[in-house]
Amino acid sequence: MPIYLDHAATTPTDPRVVDAMLPYLTEHFGNPSSIHASGRRARQALDEARETVARILGAQPREVVFTSGGSEADNLAIKGAAWAASARGRHIVTSGVEHKAVLHTCQVLERQGFEVTYVGVDRLGRVDPEAVRAAITERTTVVSIVYGQNEVGTLQPIADIGGICRERGVLFHTDAVQAAVSQPLDVDRLGVDLLSLSGHKLYGPKGIGALFVRRGTSLLPQLQGGAQERQRRAGTENVAGAVAFAVALSLVHDDVAARDRQNGREADLRDGLIDRLLTLPGVALSGDPDRRLPNNASFLIDGVDGADLVAALDLAGVETSTGSACASGSTDPSHVLLAMGVGPDRARGALRLTIGRDTTDGEVKAAGEIIVDCLARLRGDRIALQATASA
Amino acid sequence: MARIVAAMSGGVDSSVAAALLAADADNEVIGVWMRTHPDRGEGFEHKRSCCSPDAADDARRVAQIVGIPFFILNVERQFGERVIDAFADEYLAGATPNPCQACNQYIKFDELLNRGLAAYQAQQVATGHYARVEIRDGRWRLLRAADAAKDQTYFLWVLGQEQLAATRFPLGALTKPRVRAIAADLGLPTAEKPESQEICFVPAGDYRALLAERRAYAGAPGPIVDARGEWLGTHSGYAHYTVGQRHGLGVARGTPLYVREVRPETNEVVVGARDDVAAGGFVAVDPRFVAGEPPGARFEATVRIRHRGAETPCEVTMLGSGRLAVETAAPVWAPAPGQAAVFYRGDECLGGARISRGGARPSASAA
């Protein structure tokens, strides 16, 4: 069995989640919009799932829209809110370290005539709330800032930014996809109007997510069709997915003390990895060393191509990532690292290790040594090659 | 147990090469597709999004069926410099580029071999080339493929001892129909894929756009002249022409005209009749010999000056300082500067050199 250190890409579905969802794929297969008993049974499961999610968010059930996942939630939040408010203004404020689901959505809106301000970040990937305040104009309708950055793990001061948005009367969206497995999700404390979630990042299945939409927030639906999800998202509901999502979210958040203990355990493992790798020359931590996701250890490594290192680690039995789950070999350096002021060459040496619930101390220690070995081999060979080339 | 990196292009040849190696229980095969240049996504929004081109999809699917791990190795920077830019620079120097050979030399048997072997801890690299490798008299030899029609040694002569020692050509003894049959038997999705003909980074064969994009060469009109310097017409820019080219000159004469020479210094394109383009010999530079050294200071061989071109008996004289002279037993047609002259003896590819500018000797028949 490989050592899996890529929980930011996806997590294994919790067996309790699988157990909870299976009946809605088999005997309780009904369409929640049907009038008959099978339909009512499915409707009840969907309603209960929505209540559970709402409870964890400190929201009302009608404020929860189930989606196909985090990307759809981001698209619906930003496009939906920007278009619905487009008569008032067409200006959006976001940051340079957003997930592509937010970044590319904003770029499409730019083509459609919206103006977008990308607030910069510091070397640690932090958004300054005052920079957001300064970027808001009379025409601004939506602000979107990621909660926990998916590549480098930096946590943003969401509540502070939320307060500013409230003060200025603009809608505030946060992509909480990566943060939701460890951070509190109380939408009032966070001061958000829109919040995106994804099932498979928190031990649920792929293909289900949710968007919190604060009551009174107008959204232009991005999928037209039936009247599902209070006319905000057409399409027959993914009942099994919604049930699974609610259970997965409960397993993380119902017991806050347990969640915090789990975070502490993962942070300890993370710090062990960070300490081990930082003993090596030419290795630097990326992201905020203090305010970061408890499971994220991200590095910039000189003298190697991140994708080569990930492949070498895979063959040595450790599953990792360069920063996002992109297997296409695209050469473009991470926009997140570039926004943090990392040069394009250096950005190629990115490695992200993300810990999970089942990660053990033994795995982390073994992985650390394997990384040290692979790195030495890759760098040694590269240095040897350069020596040959110059000879 | 040998760990082998199989370069997979997404074509039928490299698919079968990987499959044949993987079928041998003594091998641990790792499939690698090299991303050589950016690819446009299918969505309209982002021209360089995180997507994988069709060829990579095919290669991955084959790797899944064959049951081997599959990675994508990014070589865009190296390919851009050593193959695409070099391709443009050759045209700008009035020469004819040889991108497939450059890709073998700098990408497959350098970048993939060295970087791939380090990352994947492999001992060998395999490709779907039609060629064979064998040890004779204590040296690695590059031998013609069993299928003469498919032989690709013309693009592989740049390989030396170190590289051949770490190289496998699993298709060397097979014919193309046999390779397709194997692919079909294994149910590989690439079994019926047509042969790729064009240069992979030049869409629709139009390299003029590439010269403009990579080297800001827009082309400036200049004279088309005959060997005596007499004006015959106007061309669109010297770099748009290569030696031996017949079409696109826009000059009407009783007999067909061919490009004899391209002169970047004066932006002239020199043309002549078909016989004028033939040569009885030429000078070539940057020689490389597979065995490490030429068979002698002067040796007999046969020479080929284009892929699948005819082979002509010749005598080669090493001139020193990276130059050699080739005298052919019969006229060779249009030795184009920049193209490789590759030498053979029997089934062995000895090596070759790059044909240089201005070294062609008139053929006996034309003189």
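Computed from a predicted model, the values in this text were never measured in an experiment. Residues take numbers from 1 onward in each chain, read along the sequence in its written order. By the order in which they are written, chains take letters starting at A while ligands take numbers starting at 1. Only residues with pLDDT of at least 70 get local features here, since the model is predicted, and only at 80 or more are side-chain atom pairs given and counted; chain-wide, interface and lining totals rely on the full set of residues. Side-chain descriptors were evaluated using all non-hydrogen atoms of the structure, hydrogens and water having been removed beforehand.

## Regarding the overall build of chain B
In this description a helix means any DSSP run of H or I spanning at least four residues, a strand means any run of E spanning at least two, and both kinds are numbered starting from the N terminus. If you tally the helices and strands in chain B, you get 7 helices and 18 strands. The C-alpha atoms of chain B give a radius of gyration of 22 Å, which matches the 21 Å a tight globule of 367 residues would have. Its C-alpha atoms give chain B principal-axis dimensions of about 65 × 60 × 35 Å. Remark: exposure states derive from per-residue accessible area (1.4 Å probe, protein chains only) relative to the maximum for the residue type, with buried under 20%, exposed over 50%, and partly exposed in between. Within the span of chain B, comprising 367 residues, buried residues form 53% of the whole. Here the analysis covers contacts within chain B between residues at least 6 apart in sequence; of these, 65% occur between residues at least 24 apart. Within these notes, the globule rule equals 2.2 Å times the number of residues to the 0.38 power, and the radius of gyration is based on C-alpha atoms. The criterion used for residue contact is that any of the two residues' heavy atoms lie within 4.5 Å.

## Concerning the overall build of chain A
Looking only at helices and strands, chain A has 14 helices and 12 strands in total. Relative to the 2.2 N^0.38 estimate, which gives 21 Å for 391 residues, the radius of gyration of chain A is 22 Å and therefore close to what a compact globule would have. Considering only C-alpha atoms, chain A reaches an extent of 75 × 50 × 35 Å along its principal axes. The proportion of buried residues among the 391 residues of chain A is 57%. In chain A, the proportion of contacts linking residues at least 24 apart, taken out of those at least 6 apart, comes to 74%. Counting every atom, chain A has about 15600 Å² of accessible surface; 52% of that belongs to carbon and sulfur. Charge convention: Lys and Arg are scored as positive, Asp and Glu as negative, and His as well as the terminal groups of each chain are ignored. In plain terms, the charge of a residue is placed at NZ if it is Lys, CZ if Arg, CG if Asp and CD if Glu. Across chain A, the 41 positively charged side chains and the 48 negatively charged ones have centroids separated by 5 Å. For accessible areas, the Shrake-Rupley method is used with a probe of radius 1.4 Å. Any residue's cover is judged against the shown protein chains and nothing else.

## Remarks on helix α10 (residues 256–278) of chain A
For an α-helix the count is 3.6 residues per turn, leaving residues at separations of three or four pointing the same way. Residues and elements named next belong to chain A. A helix is expected to span 1.5 Å multiplied by its residue count minus one. End to end, α10 covers 32 Å across 23 residues, agreeing with the expected 33 Å (1.5 Å per residue, within 8%). Those residues of α10 lying buried are R259, N263, E266, A267, L269, R270, L273, I274 and L277. Contacts described as polar in this section are N or O atom pairs within 3.5 Å, which, within protein, must combine one atom able to donate a hydrogen with one able to accept it, while residues neighboring in sequence count only if both atoms come from side chains. Measuring from the backbone nitrogen of A257 back to the side-chain oxygen at the start of α10 gives 3.2 Å, which picks out D255 as the cap.

## Looking at the nonpolar core
Ranked by size, the top nonpolar core spans 72 residues in total, and within it L309(A), L351(A) and Y120(B) carry the most contacts. It is helix α4 (residues 99–120) of chain B that contributes the most residues to this core, 9 residues altogether. If near-sequence neighbours (up to four positions away) are discounted, L351(A) is found in contact with L277(A), A297(A), S298(A), F299(A), I301(A), L309(A), V310(A), L313(A), T320(A), S321(A), T322(A) and I371(A). For this analysis, a nonpolar core means a set of buried residues of the types Ala, Val, Leu, Ile, Met, Phe, Trp, Tyr and Cys, connected via side-chain atoms within 4.5 Å. Grouped together as the second largest cluster of nonpolar side chains are 67 residues, A54(A), V119(A), V152(A) and L249(A) included.

## Structural notes on the sheet that holds strand β9 (residues 231–235) of chain B
Residues and elements named next belong to chain B. Note: two strands are recorded as paired if DSSP finds a minimum of 2 bridges between them. In space, the 4 strands of this open sheet follow the order β9-β8-β11-β10, with mixed pairing throughout. Edge strands, defined here as strands with exactly one partner in the open sheet, are β9 and β10 (258–263). Within the sheet, the average angular offset between the axes of one strand and its neighbour, ignoring direction, is 30°. Inter-axis angles, ranging from 0 to 180 degrees, are taken between N-to-C directions of lines fitted to C-alpha atoms, where helices are fitted over the stretch in contact.

## Some points on the pattern of salt bridges
The working definition used for a salt bridge is a side-chain nitrogen of Lys or Arg within 4 Å of a carboxyl oxygen of Asp or Glu. Within this structure, the stated rule accounts for 51 salt bridges over all chains. For D302(A), the salt bridge goes to R346(A), with nearest N and O atoms at 3.2 Å. With D302(A) in the loop between β10 (296–301) and α11 (306–315) and R346(A) in helix α13 (residues 344–347), the pair connects residues that are 44 residues apart, well separated along the chain. In the salt-bridge network here, residues are joined through shared partners; they are D305(A), D308(A), R348(A), E111(B) and R115(B).

## Overview of the packing of aromatic side chains
By convention here, two paired aromatic rings are described through the distance between centres and the angle between planes. Residue and element names in this part refer to chain B. Aromatic pairs are defined between Phe, Tyr and Trp rings, using the six-membered ring for Trp, whenever the two ring centres lie within 6.5 Å; interplanar angles under 30 degrees are classed as stacked, those over 60 as edge-to-face, and all others as tilted. Per the counting criterion, the structure on display carries 15 aromatic pairs over all chains. Here F109 and F169 contribute two aromatic rings whose centre-to-centre distance is 6.2 Å and whose plane-to-plane angle is 75°, an arrangement assigned as edge-to-face. Of this pair, F109 sits in helix α4 while F169 sits in the loop between β7 (167–168) and α6 (176–185); the two residues are 60 residues apart in sequence, bridging distant segments of the chain. For the pair F109 and F169, a shared accessibility class is recorded, and that class is buried.

## Concerning the domain arrangement of chain B
Where the parts come together, the accessible area they lose is often given as the size of the interface. Residue and element names in this part refer to chain B. An automatic or database domain assignment provides the domain bounds reported here. What the domain assignment lists for chain B is domain 1 (2–185), domain 2 (219–272) and domain 3 (278–362). Averaged C-alpha coordinates put domain 1 and domain 3 at centres separated by 26 Å. On the side of domain 3, 28 residues touch domain 1, which itself brings 29 residues to the contact. Two parts placed together each lose some accessible area under a 1.4 Å probe, and the buried area is that loss summed for both. Interface area for domain 1 against domain 3, summed over the two sides, is near 2300 Å², with a carbon-plus-sulfur share of 45%.

## A few points about the packing of helix α3 (residues 76–92) of chain B against helix α7 (residues 207–215) of chain B
Residues and elements named next belong to chain B. Running from amino to carboxyl end, α3 crosses α7 at an angle of 110°, the nearest separation of the two axes being 10 Å. By the angle between their axes, α3 is roughly perpendicular relative to α7. For the pair α3 and α7, contact is made by G80, I84, D85, F87, A88, D89, Y91 and L92 and by Y207, L210, L211, R214 and R215, respectively. Its residues placed into classes, the contact of α3 with α7 shows 8 nonpolar, 1 polar and 4 charged. An angle below 35 degrees is treated as roughly parallel, one above 145 as roughly antiparallel, one from 65 to 115 as roughly perpendicular, and anything else as oblique. Three classes are used, and their members are as follows: Ala, Val, Leu, Ile, Met, Phe, Trp, Tyr, Cys and Pro are nonpolar, Asp, Glu, Lys and Arg are charged, and the others, Gly among them, are polar.

## Quick look at the pairing of strand β17 (residues 348–355) of chain B
Residue and element names in this part refer to chain B. Across the 8 residues that make up β17, a large majority, 7, are buried. Strand direction decides the pairing type here: strand β6 (residues 139–143) and β17, joined by 2 bridges, are antiparallel. What sits directly across from L143, in β17, is E348. Summarising the sheet, strand β12 (residues 278–289) and β17 pair through 4 bridges and their orientation is antiparallel. When the sheet's bridge partners are listed, A284 is paired in β17 with I355. The pairing of strand β16 (residues 340–345) with β17 spans 6 bridges and is classified as antiparallel. Looking at the pairing, A341 lines up with A353 of β17. Counted along the chain from β16 to the antiparallel partner β17, the turn is 2 residues long, and its residue G346 has a positive phi close to 60°.

## Section: the domain arrangement of chain A
Residues and elements named next belong to chain A. By domain assignment, chain A separates into domain 1 (3–9 + 256–390) and domain 2 (15–253). Put simply, the middle of domain 1 and the middle of domain 2, counted by C-alpha atoms, are 28 Å apart. Residue-level contacts link 27 residues of domain 1 with 34 residues of domain 2. Both faces considered, domain 1 and domain 2 share a buried interface measuring about 2500 Å² in area, 50% of it formed by carbon and sulfur atoms.

## Looking at the sheet that holds strand β9 (residues 283–285) of chain A
Residue and element names in this part refer to chain A. Reading across from one edge, β9-β10-β12 is the order of the 3 strands in this open sheet, with antiparallel pairing throughout. The two strands at the open ends of the sheet, each matched to only one other strand, are β9 and β12 (350–354). Averaged over all adjacent pairs, the angle separating strand axes in this sheet is 25°, with direction ignored. Bridge analysis of β10 against β12 gives 5 bridges, and the strand direction is antiparallel. Bridge assignment links A297 to a residue of β12, and that residue is L353. In the packing of α10 onto the sheet, contacts are made with β9, β10 and β12, and the angle to β10 comes to roughly 15°.

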